[in-house]
Amino acid sequence: QVQLVESGGGLVQPGGSLRLSCAASGKISSFNAMGWYRQAPGKQRVLVAHITGGGSTNYPDSVKGRFAISRDNAKNTVYLQMNLLKPEDTAVYFCNAEVFSLVGRSTYWGQGTQVTVSS
């Protein structure tokens, strides 16, 4: 069973930066993809960053140019660097991993870490 644990959230002023970490119990080099999602109070959980096994990344327009996903396979950790933060970035951020098998796709989630952007 894959376990994901997020850390690095906190309170930051608008325009500031944070780096979130997601430590995985499994070998992330064997995962087909990893990503970060966020969920604000009363809102749906939405994708903010995605990285494939080959290293390709994609982002929604809302965070392009401000957020960057990366990984360290030796540490089994994926990161989300967040710059130029805005109040609308306030949310719980969740780490996600996808593993494909012969019978389908398995999806795993961390417990989330709170990010608050406020003056």
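Caption draft 1: Local environment of the sheet that holds strand S7 (residues 67–72). Taken together, the four strands give an open sheet; going across it, the order is S1-S3-S8-S7, and neighbouring strands pair in antiparallel fashion. Of all the strands in the sheet, just strand S1 (4–7) and S7 have a single pairing partner and so form its edges. Pairwise comparison of adjacent strand axes, ignoring direction, gives a mean angle of 20° for this sheet. Where S1 meets strand S3 (residues 18–24), four bridges bridge the pair, whose relative direction is antiparallel. Along S3, the bridge assignment pairs Leu4 with Ala24.

Caption draft 2: Spotlight on the side chain of Ser21. Note on placement: Ser21 falls in strand S3. Discounting residues that sit within four places of it in the chain, Ser21 has contacts with Val5, Glu6, Ser7, Trp36, Thr77, Val78 and Tyr79.

Caption draft 3: Seen up close, the nonpolar core. If you look at the biggest cluster of nonpolar residues, it comprises 29 residues, and the most contacted ones within it are Leu4, Met34, Trp36, Leu80, Met82 and Tyr93. For this core, the secondary-structure elements that each account for two or more residues are S3, strand S4 (33–39), strand S5 (46–52), S7, strand S8 (77–82), strand S9 (91–100) and strand S11 (113–117).

Caption draft 4: Here's a closer look at the pairing of S5. Bridging between S4 and S5 involves six bridges; their strand directions are antiparallel. Looking across to S5, one finds that Tyr37 is bridged to Leu47. Count of turn residues in the S4/S5 antiparallel hairpin: six residues, of which Gly42 carries a positive phi of about 75°. Pairing between S5 and strand S6 (residues 57–58): two bridges, direction antiparallel. Along S6, the bridge assignment pairs Ile51 with Thr57. In textbook terms, the turn of a hairpin is the stretch between consecutive antiparallel strands, and for S5 and S6 this stretch comprises four residues, one of which, Gly55, has a positive phi near 95°.

Caption draft 5: Inspection of the environment of Gln13 at higher detail. With respect to the helices, strands and loops of the structure, Gln13 is situated in the loop between strand S2 (10–12) and S3. The sequence separation of Gln13 and Ser119 amounts to 106 residues, and the corresponding C-alpha distance is 5.1 Å. Other than its neighbours up to four places away in sequence, Gln13 contacts Val117, Ser118 and Ser119.

Caption draft 6: Structural context of the state of the cysteines. Taken as a whole, this structure holds one disulfide when the rule is applied. Shown here is the disulfide that connects Cys22 with Cys95, its sulfur atoms set 2.1 Å apart. Because the torsion about its S-S bond is -85°, the bridge between Cys22 and Cys95 counts as left-handed. On the criterion of sequence distance, the pair formed by Cys22 in strand S3 and Cys95 in strand S9 is long-range, its members being 73 residues apart.

Caption draft 7: How the structure looks around the side chain of Asp89. As for its placement among the helices and strands, Asp89 is situated in the loop between S8 and S9. Asp89 sits in the buried class, given a relative accessible area of 0%. A distance of 2.8 Å separates polar atoms of two side chains, one belonging to Asp89 and the other to Arg38. Among residues more than four places away in sequence, those in contact with Asp89 are Arg38, Arg66, Phe67, Leu84, Val115 and Val117.

Scoring rules and cut-offs
- Starting afresh in each chain, residues are numbered from 1 along the sequence in its written order.
- Whole-chain, interface and lining totals are the exception, using all residues; otherwise, since this is a predicted model, local features are given only for residues with pLDDT of at least 70 and side-chain atom pairs are given and counted only at 80 or more.
- Excluding hydrogens and water, the side-chain figures rest on all heavy atoms present in the structure.
- At least two DSSP bridges between two strands are required for those strands to pair.
- Secondary structure is summarised from DSSP: a helix means a run of H or I of at least four residues, a strand means a run of E of at least two, and numbering begins at the N terminus for each.
- Axes, fitted as lines to C-alpha atoms, cover a helix only where it is in contact. Angles between the N-to-C directions of the axes lie from 0 to 180 degrees.
- Pairs of residues are marked as contacts when any of their non-hydrogen atoms sit within 4.5 Å.
- The set of buried Ala, Val, Leu, Ile, Met, Phe, Trp, Tyr and Cys residues whose side-chain atoms join them within 4.5 Å is what this entry labels a nonpolar core.
- Only protein chains enter the area calculation, which uses a 1.4 Å probe; residues under 20% of their type maximum are buried, those over 50% are exposed, and those in between are partly exposed.
- Working definition: a disulfide is two cysteine sulfur atoms within 2.5 Å of each other.
- For the purposes of these results, a polar contact is taken to be a pair of N or O atoms within 3.5 Å, where, inside protein, one atom must be able to donate a hydrogen and its partner to accept one; residues adjacent in sequence count only when each atom of the pair is a side-chain atom.

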